[in-house]
Amino acid sequence: SGCALNPTFTKTIMAISSFPRLFKDNDKKVLESPFSRIVDLWFLCVCLGAYQGKSKDTKDHYRFMDGSVLKDDHDKIANLEIIAISVSGDETIIERSSDMLRILNGFAYHGIEVVFSGLTSGHLEGLWNLTDHLENKVLKS
């Protein structure tokens, strides 16, 4: 079962209140702002938080999208479910979207700091800085 068949992602995906503008728009090149969708940035942040086993309190947030943006993205949904089940130890967590998203948003809150640090460190364009940061500082630690 899961979100692909049972749309538990109707709850709010949240971001930190100091969320920087990191998204590609008509005025920015992808090398400067590598994320064309907020959900792609959020997903990377969740994965980084989960990889590092670090999360943050989600009380300082605002609503920036409804989770239904993932409804057709079955691979992302499956990965998010696996993360939530792994952390909670409870397969039924995918039926409780608020509990599941509390875990995922906590990881995203940690991950956004990693991503922002990566994008703004170094002397190259954002995407290359982020790639170097993830490869040399995150994945090797």
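Described in the following lines is the structure provided in the data block. Because the structure is predicted, anything quoted here is derived from the model rather than measured. (Residues numbered from 1 in each chain as written. Predicted model: local features only at pLDDT ≥ 70, side-chain atom pairs only at ≥ 80, totals over all residues. Heavy atoms only, no water.)

## Section: the overall build of the protein chain
Applicable threshold: Counting from the N terminus, the helices are the DSSP runs of H or I reaching at least four residues and the strands are the DSSP runs of E reaching at least two. Summary of the burial criterion: residues with accessible area below 20% of their type's maximum are buried, those above 50% are exposed, and those between are partly exposed, where the area comes from a 1.4 Å probe applied to protein chains only. We call two residues in contact when some of their heavy atoms are within 4.5 Å. In this description, accessible areas are obtained by the Shrake-Rupley approach with a 1.4 Å probe, and a residue is regarded as covered only by the protein chains that are shown.
The helix and strand inventory of the protein chain stands at 4 helices and 2 strands. Listing each helix as α and each strand as β along the protein chain from the N terminus yields β-α-β-α-α-α. The proportion of buried residues among the 141 residues of the protein chain is 41%. Of the contacts made within the protein chain by residues no fewer than 6 positions apart, 71% connect residues no fewer than 24 positions apart. Carbon and sulfur atoms make up 51% of the accessible area of the protein chain, which totals about 7800 Å².

## Looking at helix α3 (residues 97-120)
Put simply, the rule reads: By definition here, a helix of n residues has an expected span of 1.5 Å times n minus one. Values of bend correspond, residue by residue, to the angle between axes fitted over the seven residues ending at that residue and the seven starting there.
Here α3 contains 24 residues, and its C-alpha end-to-end distance of 33 Å stays within 8% of the 34 Å for a straight helix at 1.5 Å per residue. Residue His 110 marks the point of greatest curvature in α3, where the axis turns by about 25°. Here α3 lies mainly inside the structure; 17 of its 24 residues are buried.

## A look at the packing of helix α2 (residues 74-88) against α3
Short version of the rule: Only the contacting stretch of a helix is used when fitting its axis, a line to C-alpha atoms as for every element, and angles between N-to-C directions run 0 to 180 degrees. With respect to orientation, any angle under 35 degrees is reported as roughly parallel, any angle over 145 as roughly antiparallel, any angle of 65 to 115 as roughly perpendicular, and every other angle as oblique. Polarity classes work like this: nonpolar for Ala, Val, Leu, Ile, Met, Phe, Trp, Tyr, Cys and Pro, charged for Asp, Glu, Lys and Arg, and polar for all others, with Gly in that last group.
Relative orientation of the contacting elements α2 and α3 amounts to 100°, with a least axis distance of 9 Å. Overall, the two elements α2 and α3 adopt an arrangement that is roughly perpendicular. On the side of α2, the interface is formed by Leu 80, Glu 81, Ile 83, Ala 84, Val 87 and Ser 88, while α3 contributes Met 100, Ile 103, Leu 104 and Phe 107. The class makeup of the residues in the contact of α2 with α3 is 8 nonpolar, 1 polar and 1 charged.

## Looking at the state of the cysteines
Basically, it comes down to this: A pair of cysteine sulfur atoms is labelled a disulfide when the two atoms are within 2.5 Å.
Summed over all chains, the structure comprises 0 disulfides. Just so you know, Cys 45 is unpaired, no disulfide at all, and the nearest cysteine sulfur is the one on Cys 47, 9.3 Å from it. The class for Cys 45 is buried, based on a relative accessible area of 2%.

## With respect to the nonpolar core
Convention followed: Throughout, nonpolar core names a set of buried Ala, Val, Leu, Ile, Met, Phe, Trp, Tyr and Cys residues whose side chains join them through atoms within 4.5 Å.
With 28 residues, the main nonpolar core has Trp 42, Val 46, Leu 80, Met 100, Leu 104 and Val 115 as its most contacted residues. Elements with a minimum of two residues in this core: α1 (38-52), α2, α3 and α4 (126-138). The element best represented in this core is α3, accounting for 10 residues.

## Comments concerning the packing of α1 against α3
Packing of α1 against α3 brings their axes to within 6 Å, and their N-to-C directions diverge by 95°. Regarding the angle of α1 to α3, the classification is roughly perpendicular. The segment α1 lies against α3, with Leu 41, Trp 42, Leu 44, Cys 45, Val 46, Leu 48, Gly 49, Ala 50 and Gln 52 engaging Leu 101, Leu 104, Asn 105, Phe 107, Ala 108, His 110, Gly 111, Ile 112, Val 114 and Val 115. Residue composition of the contact of α1 with α3, by class: 14 nonpolar, 5 polar and no charged.

## Here's the deal with the packing of aromatic side chains
Let me state the cut-off plainly: Stacked, tilted and edge-to-face pairs are distinguished by plane angle, under 30 degrees for stacked and over 60 for edge-to-face with tilted covering the rest, among Phe, Tyr and Trp rings (Trp via its six-membered ring) whose centres lie within 6.5 Å. A ring is considered to have a charge above it if a Lys NZ or an Arg CZ atom is located within 6 Å of its centre and within 35 degrees of its normal.
For the coordinates displayed, the defined rule picks out 0 aromatic pairs. Its end group placed over the ring of Phe 43, Lys 76 keeps NZ or CZ at 5.3 Å from the ring centre.

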